[in-house]
Amino acid sequence: MKKNSEYRKEALNALEGNWGNAVVAVIIYFALSGIVGASFSWPLSSFPYEVQLVSNISNLLILPLDFALTIGFLRLIRNQNFSIDKLFSYYNARVWVTMILVVIYEFLWTLLLIIPGIIKCYSYAMTKFILLDEPELKYDAAIEKSMEMMKGKKFKLFLLDFSFIGWALLCILTLGIGLVLLVPYMYTARAAFYEDLKAELDSYSTVVTC
């Protein structure tokens, strides 16, 4: 597979001329996330902790929006347009239920220990891309395909994410404002990682078949 610096370079090249739409999409996502979270958490603020958990569950409402954001940056890597009007196009059972299952599985693994939870997060990292590219897969089938793809690649993706640590620190210094630039950069780099991984596995499958 390619070096992490190559994924970051591909991301910057893909975002060139598309930063405007990318930033607007991220702002919309952040704004709606805040509105949804506040709408559920404020009325419950005086209730016991167990009841306040509903405010966390409310985040499930924006999972299809996060999916749309991820897919938008994959389209940029594929030299396609990033369309803001498609942000709300994926509120369907296939996407919603699959993403909810991912969240549940990650949560359950994290209950065991933090490290296993993190490892599983990386195992499931390709699920959104798979939902787009393989429409016949959904729910556990899409998640299992991601786990299969990420065998031996989880640490590689972790290192790609970690390579943005300097940018993350800058975001802290800007009180989070820099996230509107970091999120498109990271999401697009991850999309480049997926494209490279998919090409590698497709090439391997072709050799094995022959």
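So, how was this worked out
Residues numbered from 1 in each chain as written. Predicted model: local features only at pLDDT ≥ 70, side-chain atom pairs only at ≥ 80, totals over all residues. Heavy atoms only, no water. Phe/Tyr/Trp six-rings, centres within 6.5 Å; stacked < 30°, edge-to-face > 60°. Buried < 20%, exposed > 50% of the residue type's maximum accessible area, 1.4 Å probe, protein only. Helix = DSSP H or I, 4+ residues; strand = E, 2+ residues; numbered from the N terminus. Contact = heavy atoms within 4.5 Å. 1 Å grid on protein atoms, 1.4 Å probe; cavity = no way out; pocket = protein on both sides within 12 Å on 5 of 7 lines; lining within 4 Å. Points joined across faces, edges and corners; volume = space filled by probe spheres on them. Nonpolar A, V, L, I, M, F, W, Y, C, P; charged D, E, K, R; others polar.

Draft legend 1. Seen up close, the packing of aromatic side chains. By the definition in use, this model includes 13 aromatic pairs. On the basis of an interplanar angle of 50° and a centroid distance of 6.0 Å, the ring pair of Tyr29 and Phe30 is categorised as tilted. Of the residues examined, Tyr29 reaches a relative accessible area of 16% and is grouped as buried. Ring geometry for Tyr91 versus Trp96: centroids 5.1 Å apart, planes at 90°, classification edge-to-face. The partly exposed category is assigned to Tyr91, whose relative accessible area is 34%. Taking the relative accessible area as the measure of exposure, Trp96 reaches 27% and is therefore partly exposed. Here a set of aromatic residues connected by ring pairs shows up, and it is made of Tyr122, Phe155, Phe158 and Phe162.

Draft legend 2. Structural context of the side chain of Thr70. Tracing the backbone through its elements, the reader meets Thr70 in helix H4 (residues 63-77). Excluding its chain neighbours within four sequence positions, the residues that come into contact with Thr70 are Lys128, Phe129 and Tyr187.

Draft legend 3. Main features of empty space enclosed by the protein. Tallying each qualifying case throughout the model produces one cavity of 30 Å³ or more. Taken as a whole, the largest cavity holds about 50 Å³ of empty space. Taken together, Ala68, Gly72, Arg75, Asn81, Phe82, Ser83, Lys86 and Leu87 make up the full set of residues lining the largest cavity. Taken together, the residues of the lining of the largest cavity break down into three nonpolar, three polar and two charged.

Draft legend 4. Layout of the layout of surface pockets. Within this model, the second largest pocket holds a volume of roughly 160 Å³. If you trace the second largest pocket, you find 11 residues lining it, with Lys145, Met149, Lys198, Leu201 and Asp202 closest to the centre. With six residues, the top contributor of residues to the lining of the second largest pocket is helix H11 (residues 179-209).

Draft legend 5. Structural detail: the environment of Leu61. When you line up the elements, Leu61 lands in the loop between helix H3 (49-57) and H4. Between the C-alpha atoms of Leu61 and Ser33, which are 28 residues apart in sequence, the distance is 8.9 Å.

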